[in-house]
Amino acid sequence: MATPLRLAALLLVLVAAFASAARADLVVSRADRKVDLTSHIVRVLTSLKVENAGSEPVSKVLLAFPNIQAKNLAAIRAFGTEGKVKGLSSVLPIEVVEPSGVPPELTFFSASLHKPLQKGKILHLDVLTVFTHFLQPFPEEITQADSQLVVFQDSSHYLSPYPVKVQTLSIRLPGGRVESYTKYGNTKLVDSELKYGPYEDVPPFSYNPIIVHFENNNPFAVAKELIREIEISHWGNVQITEHYNIVHGGARLKGEFSRLDYQSRPYARGVSSFRHLIARLPARAHSIYYRDEIGNISTSHLWSDSKKTQLEIEPRFPLFGGWQTTFTIGYGLPLQDFVFSADGKRFLNITFGSPMEEILIEKLIVKVVLPEGSKDIDVSAPFPTNQWQEVVPHWTIDN
Amino acid sequence: FLSKNGIYEFWNWFDDRTWYPLGRVIGGTVYPGLTLTAGSIWWFVNALNIPLSVETVCVFTAPIFSAIASWATYLLTKEAKGTGAGLMAAAILAMVPSYISRSVAGSYDNEAVAIFALVFTFYLYVKTLNTGSLFYATLNALSYFYMVCSWGGYTFIINLIPMHVLLCIVTGRYSSRLYIAYAPLVILGTLLAALVPVVGFNAVLTSEHFASFLVFIILHVVAFVYYIKGLLTPRLFKMAMTLVITVGLAVCFAVVAILVALVASSPTKGWSGRSLSLLDPTYASKYIPIIASVSEHQPPTWPSYFMDINVLAFLVPAGIISCFLPLSDASSFMVLYLVTAVYFSGVMVRLMLVLAPAACILSGIALSSAFDVLTRSMKFQLSKLFDDGPAIVRSSKNEKTEKSEAAPKEKQSKKNRRKDKEVTESVSVKPKKEKRLSVLPLEASIVSTLLLIALGGFYVVHCVWAAAEAYSAPSIVLTSRSREGLHVFDDFREAYAWLSHNTDVDDKVASWWDYGYQTTAMANRTVIVDNNTWNNTHIATVGTAMSSPEKAAWEIFDSLDVKYVLVVFGGLVGYPSDDINKFLWMVRIGGGEFPHIKEPDYLRDGQYRVDAQATPTMLNCLMYKLCYYRFVETDGKGFDRVRGYEIGKKHFKLTHFEEVFTTHHWMVRIYKLKPQKNRIRGKLKKLKSSSKTSSTLAAGRKKNPWQ
């Protein structure tokens, strides 16, 4: 915990040095950050009101993150609308940039505007960022009876290369006990919502560390590896097989595991564990199975309606911190829902991600098995991927 | 594994995941027939471009072979009694519950393949006996070789066939065909058997095989006698006969003397423990508790007979009678097979499997001849009724005369005999009986036919029921029916999955040997002992540890580098085959090697119990503690549902072990050995506190065989 603090202090020093180098043309007139800490995946929605105070039209807005956050950044998405009122927003392309004369402890993302922001105009920019592995369990080892406490660190000020006029920060907590939080100026804890601000006229690169130490017993389900196999059969079926290797990524269990305690007082003893996961499968999923390498796992439930199919699976044993397990789920989907044909070619349009709710996937491998004789294979993905092709043995009976 | 590395590596495959720290030479201790078979099927299937995994092939090996076994049964019965009986026998075998238990998909067991090999060997033997062809004799030896590869039960063949040969000689049924059938089998078979690593020189050294050699010699003597009988005049023959017999007897005595000397010199008298327990049912319980501890080695109960062979039990005597009616070499062999199989199955429930084909064959014979008789008499009566009887009567009379001509020819030359057989096979049995039984009134025969069909129907129903209820349910997943419906107890896999994912790859797991294979296969962890019970001492060590007090047990396990101890406990849900019920065997086996474990210490007035009246030794042993640790807190009383009473010692703490995982229904509990430093601290404290404790400590250590 000491390292980020020191880093933050260092940042402050550096910030002072580089403040002059900041792009003075833009001013953030209002920044509202909403941080959602209810699960183990941290979602931050930052609403910025950006004003062009300079004389030149600006076509790029820079977003800064400390490296320590940037390495845990899982997704970033920016939506922008120009004008006084919020209208239809459009997704802005985002890329990593390294502007000159900035501290190396920061990582910059640049959102390119569809058309340059003219002098005096206002841009509404919503930035959604998702962080993983951001909540550190503290203490790192707990017994079965303890609930899990985690630490969240951020800055009460919005870290920006631009001066910020008015800003607020609100943190939604899962609602358990709050061990401690940094009190700083305007700080309120109402129910399970922690509010900082509003702060006014904060210079660029202002970083003011805060620490929230609170109880979070939500499942810290981490898939260390997920292999999805999408097999297209021209008999009218898309078969999806997903191999999970799940670990409880929260505080590690120390000492004994007592089934007695777990069974007689499940909420008091073993509150930090989780015992089921929910998968939302497409509506017309069929032939669903759930197994692991030693056979079928009988503890699963399935609901389906016209919109979705919901599968609740229970691993063979409840997962405590540090425990892991593997399993495989598989299901078939009707071909016509996912494969379209146009210009004599066929397109498969299917999601990359896992149907599991609130799960973090560290390594995802998607394999698409095409029917024999497929050629001119072309893949388009919304983000950079490693791709390779391999020839699998021919299946005599199937396909 | 086999498919990956090929056969030679297989011989040398040394499995260090089991029997830690000894390891186990897989190639040398396993009967390779099954793996070889599955491996070759896999190669074949993959060569056809059907991508099946090795596991899939293994799962389907048993059903495939049971189908082939059914076919072999047909052939065997056909040789003995004709096509109808053969079909009937095959149909019965296809359904017999006792065989289904071994042949359901997934029971990847030696027996599945072995029964086919057994029946097929017998078929080839009978076939050779009937034809006298050297070709079949060679095939017979090969089939015997396959049997040796597959199952330890091959000794059954190598003893049964000599018995039959002897029987034939004694009853004066010697022929050159017998010689041809037997001699190649012994020579080739023994040579081939010696090729199998697990048998090796046992093929000539152990007592199980002596019978065959002895009979081999006798056969030669008899053959010689018959040979010179053909050469010499009766007077000379008598002289030569006495000469030959004296020489033969002398040779026999010499051999027997050598045998006796050999046998006496070896401690187990040359017999392997399992065969000894077969001959003397009380042997195992006296000397080798480990063999007796397996439920499959116990003598079966009557319900299990009924369960496994059902109506066949009643049909078999009828089958024997119909075998005797025209007694041929083949049918006498059937009878002999049945009688020995009945005996063996009576000693060891597992050998019910050997009985199953025999019972099927004989019931098949019985049923088919009964049907023959009944339908014949029905036809006869009907034809009488409709006044076109004469033709049939005449034809049957013709057959009858043919048959009576055939009877004296029985012992004539081979070719004649075969011709006769063709006739005999199709009709000869029937008219003969018909003549005798055709007085049966029409109504009676119709009714009895219906009754027989109903009997068959019941048999089918029973078999389907048995297959569905008793043998298809996997033993690892238990189910119970409750009001809400089916309740599944998946505790074993829960525990194995936990072990496999949450312990270190190199951790050693100790459990009673019943769970050894499962732990290796499902949890992929090194076990101390497993189901291949080749090392009695090692098992005894684990048994000793389980029946020792906590500290001594900790020391034993620590010396074996064990990290986790797994016990199976059924007291919460009422699962009867748990470790507490097996515990007495652990004590016996442990006590067999380490005399400080005494069975009476664990019994109160000769009764085994774990309630308040149990002995302190029992209540302090590791097994008791691991099973009942914190059990009392579940219901406040500690009521054991398997034993049906409250446990003896309710509140206690574990000092050298800690609970790391217990499954949902408490059926599997896994404990971890606490690390060394805690123990030393405790020890030092105790040493300081009293010198008395230290002396008991020292005593405890002296007792520990591993230090």
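Residues numbered from 1 in each chain as written. Chains lettered and ligands numbered in written order. Predicted model: local features only at pLDDT ≥ 70, side-chain atom pairs only at ≥ 80, totals over all residues. Heavy atoms only, no water.

As annotated in an unreviewed UniProt entry, chain B carries the name dolichyl-diphosphooligosaccharide--protein glycotransferase and is attributed to Aegilops tauschii subsp. strangulata. According to the UniProt record, the Subcellular location (unreviewed entry) comment for chain B is "Endoplasmic reticulum membrane". Of the comments in the UniProt record for chain B, the one headed Sequence similarities (unreviewed entry) reads "Belongs to the STT3 family." (UniProt positions renumbered as here; feature names shortened; annotations may be inferred.)

Looking up chain A in an unreviewed UniProt entry gives the name Dolichyl-diphosphooligosaccharide--protein glycosyltransferase subunit 1, with the organism given as Aegilops tauschii subsp. strangulata.

How do you make sense of the overall build of chain A when you look at a structure like this?
For chain A, the count of helices and strands is three helices and 29 strands. Within chain A, the proportion of its 399 residues that are buried is 47%. Sequence-distant contacts, at least 24 apart, represent 75% of the contacts inside chain A between residues at least 6 apart. When the accessible surface of chain A is split by element, carbon and sulfur atoms take 53% of a total near 20,000 Å². (Helix = DSSP H or I, 4+ residues; strand = E, 2+ residues; numbered from the N terminus. Buried < 20%, exposed > 50% of the residue type's maximum accessible area, 1.4 Å probe, protein only. Contact = heavy atoms within 4.5 Å. Areas by Shrake-Rupley, 256 points an atom, 1.4 Å probe, with all protein chains shown as cover.)

Even after reading the chapter, I still don't get the interface of chain B and chain A, so can you show me in this structure?
If you look at the interface, chain B gives 28 residues, while chain A gives 26 residues. Both sides together, the interface formed by chain B and chain A hides about 2,300 Å², and carbon and sulfur atoms give 51% of it. Between chain B and chain A we count two residue pairs in polar contact (both at pLDDT 80 or more) in total. At the level of secondary structure, the elements contributing two or more residues to the side of chain B that touches chain A comprise α24 (491–502), α31 (632–635) and β12 (657–662) of chain B. The dominant element in the side of chain B that touches chain A, judged by the number of residues it contributes, is α24(B), at eight residues. By residue class, the composition of the side of chain B that touches chain A is 13 nonpolar, eight polar and seven charged. (Buried area = accessible area lost by both parts, 1.4 Å probe. Polar contact = N/O pair within 3.5 Å; in protein donor to acceptor, adjacent residues only side chain to side chain. Nonpolar A, V, L, I, M, F, W, Y, C, P; charged D, E, K, R; others polar.)

Looking at this structure, how should I read empty space enclosed by the protein?
Residues and elements named next belong to chain A. Considering all chains together, one arrives at six cavities of 30 Å³ or more under this definition. Reported here for the second largest cavity is a volume of approximately 170 Å³. Taken together, 17 residues form the lining of the second largest cavity, with Arg 33, Ala 64, Phe 65, Gln 69 and Tyr 158 sitting closest to its centre. Within the residue set of the lining of the second largest cavity, elements represented by two or more residues are β2 (42–52), β3 (58–66), β8 (122–131) and β11 (149–155). (1 Å grid on protein atoms, 1.4 Å probe; cavity = no way out; pocket = protein on both sides within 12 Å on 5 of 7 lines; lining within 4 Å. Points joined across faces, edges and corners; volume = space filled by probe spheres on them.)

Sorry if this is basic, but what is going on with unusual backbone geometry here?
Across residues other than glycine, the phi torsion is negative in most instances, and most of the peptide bonds are trans. Residues and elements named next belong to chain A. In this chain, Phe 138 is followed by Pro 139 through a cis amide linkage whose omega measures 5°. Take Pro 139: it is sitting in the loop between β9 (136–137) and β10 (141–142). Its identity is not glycine, yet Ser 287 carries a phi of approximately 45°, on the positive side. Tracing the sequence through the fold places Ser 287 in strand β21 (residues 286–292). What makes Ser 287 partly exposed here is its relative accessible area of 48%.

Would you mind going over the nonpolar core with me for this structure?
One recurring pattern in soluble globular proteins is that nonpolar side chains are buried together. Counting residues in each nonpolar core, the largest one holds 105 residues, and the members touching the most others are A:Phe327, B:Phe557, B:Tyr628, B:Phe657 and B:Ile670. The next biggest cluster of nonpolar side chains, apart from the first, holds 90 residues, and it includes B:Ala85, B:Leu93, B:Phe156 and B:Ile157. (Core = buried A, V, L, I, M, F, W, Y, C linked by side-chain atoms within 4.5 Å.)

Would you take a moment to explain the sheet that holds β12(B) for this structure?
Residues and elements named next belong to chain B. Strand order across the open sheet formed by five strands is β6-β5-β7-β13-β12, with mixed pairing between neighbours. Since the sheet does not close on itself, it has two edges, and those belong to β6 (526–527) and β12, each with one partner. Summarising the sheet, strand β7 (residues 564–568) and strand β13 (residues 668–673) pair through five bridges and their orientation is antiparallel. Residue pairing across strands places Val 568 opposite Val 668, the latter belonging to β13. (Pairing = 2+ DSSP bridges.)

What should I look at first to understand the packing of helix α8 (residues 134–150) of chain B against helix α9 (residues 154–170) of chain B in this one?
Between two packed helices, the angle of one axis relative to the other and the distance separating the axes together describe the packing. Residues and elements named next belong to chain B. Taken N-terminus to C-terminus, the directions of α8 and α9 make an angle of 140°; their axes are 8 Å apart at the nearest point. Relative to α9, the element α8 is oriented oblique. In this structure, α8 uses Tyr 144, Met 147 and Val 148 to contact α9, whose residues at the interface are Tyr 154, Ile 157 and Ile 158. Residues of the contact of α8 with α9, tallied by class, amount to six nonpolar, no polar and no charged. (Axes fitted to C-alpha atoms, helices over the stretch in contact; angles between N-to-C directions. Parallel < 35°, antiparallel > 145°, perpendicular 65-115°, else oblique.)

Explain the state of the cysteines here, please?
Any covalent bond linking the sulfur atoms of two cysteines counts as a disulfide. Residues and elements named next belong to chain B. Summed over the entire model, instances satisfying the criterion amount to zero disulfides over all chains. Note on Cys 627: no disulfide assigned, nearest cysteine sulfur contributed by Cys 621 at a separation of 8.6 Å. On the basis of relative accessible area, Cys 627 is assigned to the buried category, the value being 0%. (Disulfide = S-S within 2.5 Å.)

Even after reading the chapter, I still don't get the packing of aromatic side chains, so can you show me in this structure?
Each aromatic ring pair is characterised by the separation of its centres together with the angle its planes make. Counted according to the given criterion, the structure contains 27 aromatic pairs over all chains. A centroid spacing of 5.1 Å and a plane angle of 85° characterise the contact between B:Phe569 and B:Tyr628, whose relative ring orientation is edge-to-face. Here the residue B:Phe569 occupies a position in the loop between β7 and α28 (579–593), and B:Tyr628 occupies one in helix α30 (residues 622–628), the gap between them amounting to 59 residues. Each residue in the set A:Phe65, A:Phe109, A:Phe131, A:Phe134 and A:Phe152 is aromatic and connected to the rest through ring pairs, giving one cluster. Between the NZ or CZ atom of A:Lys183 and the centre of the ring of A:Tyr181, over which it lies, the distance is 4.6 Å. (Phe/Tyr/Trp six-rings, centres within 6.5 Å; stacked < 30°, edge-to-face > 60°. Lys NZ or Arg CZ within 6 Å of the ring centre and 35° of its normal.)

Got a minute to help me understand the confidence of the model for chain B in this structure?
Note: predicted coordinates in regions of low pLDDT should not be interpreted at a detailed level. Residues and elements named next belong to chain B. Per-chain confidence: chain B averages 69 in pLDDT, with 64% of residues scoring 70 or above. For chain B, per-element mean pLDDT is lowest for helix α33 (residues 691–703), which scores 37, and highest for β13, which scores 86. This prediction of the complex comes with two scores: 0.68 for pTM and 0.76 for ipTM. (pLDDT = per-residue confidence, 0-100.)

Where do I start with the side chain of A:Gln69 in this structure?
With respect to the element layout, A:Gln69 can be found in helix α2 (residues 67–70). Separated by 2.8 Å, the side chains of A:Gln69 and A:Asp154 make a polar contact.

Please clarify how the environment of B:Ser547 should be interpreted in this entry.
Residues and elements named next belong to chain B. Following the sequence through the fold, Ser 547 ends up in helix α26 (residues 536–547). For the pair Ser 547 and Asn 620, spaced 73 residues apart in sequence, the C-alpha separation works out to 8.6 Å. If we ignore the near neighbours within four places in the chain, the residues touching Ser 547 are Phe 583, Val 587, Ile 597, Tyr 602 and Cys 621. One polar contact links the side chain of Ser 547 to the main-chain carbonyl oxygen of Gly 543, over a distance of 2.6 Å.

So what exactly am I meant to see when it comes to the pairing of β21(A) here?
The side chains of a regular strand alternate, residue by residue, between the two faces of the sheet. All names here are of chain A. Sheet topology places β21 next to strand β25 (residues 324–334); four bridges connect them, and they run antiparallel. The residue bridging Tyr 290 from the neighbouring strand is Ile 329, located in β25. With two bridges joining them, β21 and strand β22 (residues 295–296) adopt antiparallel strand pairing. Pairing of Asp 292 across the sheet is with Gly 295, part of β22.

How do you make sense of the packing of α9(B) against helix α10 (residues 176–195) of chain B when you look at a structure like this?
Residue and element names in this part refer to chain B. One way to put it is that α9 packs onto α10 with a least axis distance of 11 Å and a crossing angle of 150°. Taken together, the axis directions place α9 and α10 in an arrangement best described as roughly antiparallel. For the pair α9 and α10, the crossing hand works out as left-handed. Two secondary-structure elements touch here, α9 through Ile 161, Pro 162, Val 165, Cys 168 and Ile 169 and α10 through Leu 178, Tyr 182 and Leu 185. (Left-handed = near helix turned anticlockwise from the far one by under 90°.)

What should I look at first to understand the sheet that holds strand β24 (residues 308–313) of chain A in this one?
Remark on secondary structure: sheet strands pair via backbone hydrogen bonds, oriented parallel or antiparallel. Residues and elements named next belong to chain A. Sheet architecture is open: three strands sit in the order β20-β24-β23, paired in antiparallel fashion. Only two strands of the sheet have a single partner each, and these edge strands are β20 (277–282) and β23 (300–304). Averaged over all neighbouring strand pairs, the angle between strand axes comes to 20°, with direction disregarded. As paired elements, β20 and β24 share six bridges and run antiparallel to each other. Residue pairing across strands places Leu 277 opposite Ile 313, the latter belonging to β24.

Help me understand the pattern of salt bridges, please; the structure alone is not making it clear to me.
Residue and element names in this part refer to chain B. Under the definition given, this model contains 15 salt bridges over all chains. The partner of Arg 669 in a salt bridge is Glu 659, and the shortest N-O contact between them spans 3.1 Å. Of the two residues, Arg 669 sits in strand β13 while Glu 659 sits in strand β12, which places them 10 residues apart along the sequence. What makes Arg 669 buried here is its relative accessible area of 0%. (Salt bridge = Lys/Arg side-chain N within 4 Å of Asp/Glu carboxyl O.)

It is not clear to me how the pairing of strand β16 (residues 209–215) of chain A should be interpreted in this structure. Could you clarify?
Residue and element names in this part refer to chain A. With respect to burial, β16 is a largely interior element, six of its seven residues being buried. Where β11 and β16 come together, seven bridges link them in antiparallel fashion. Across the sheet, the residue bridging to Val 150 is Phe 214, located in β16. Relative to β16, strand β13 (residues 178–181) is paired through three bridges, and the arrangement is antiparallel. Directly across from Ser 180, in β16, lies its bridge partner His 213.

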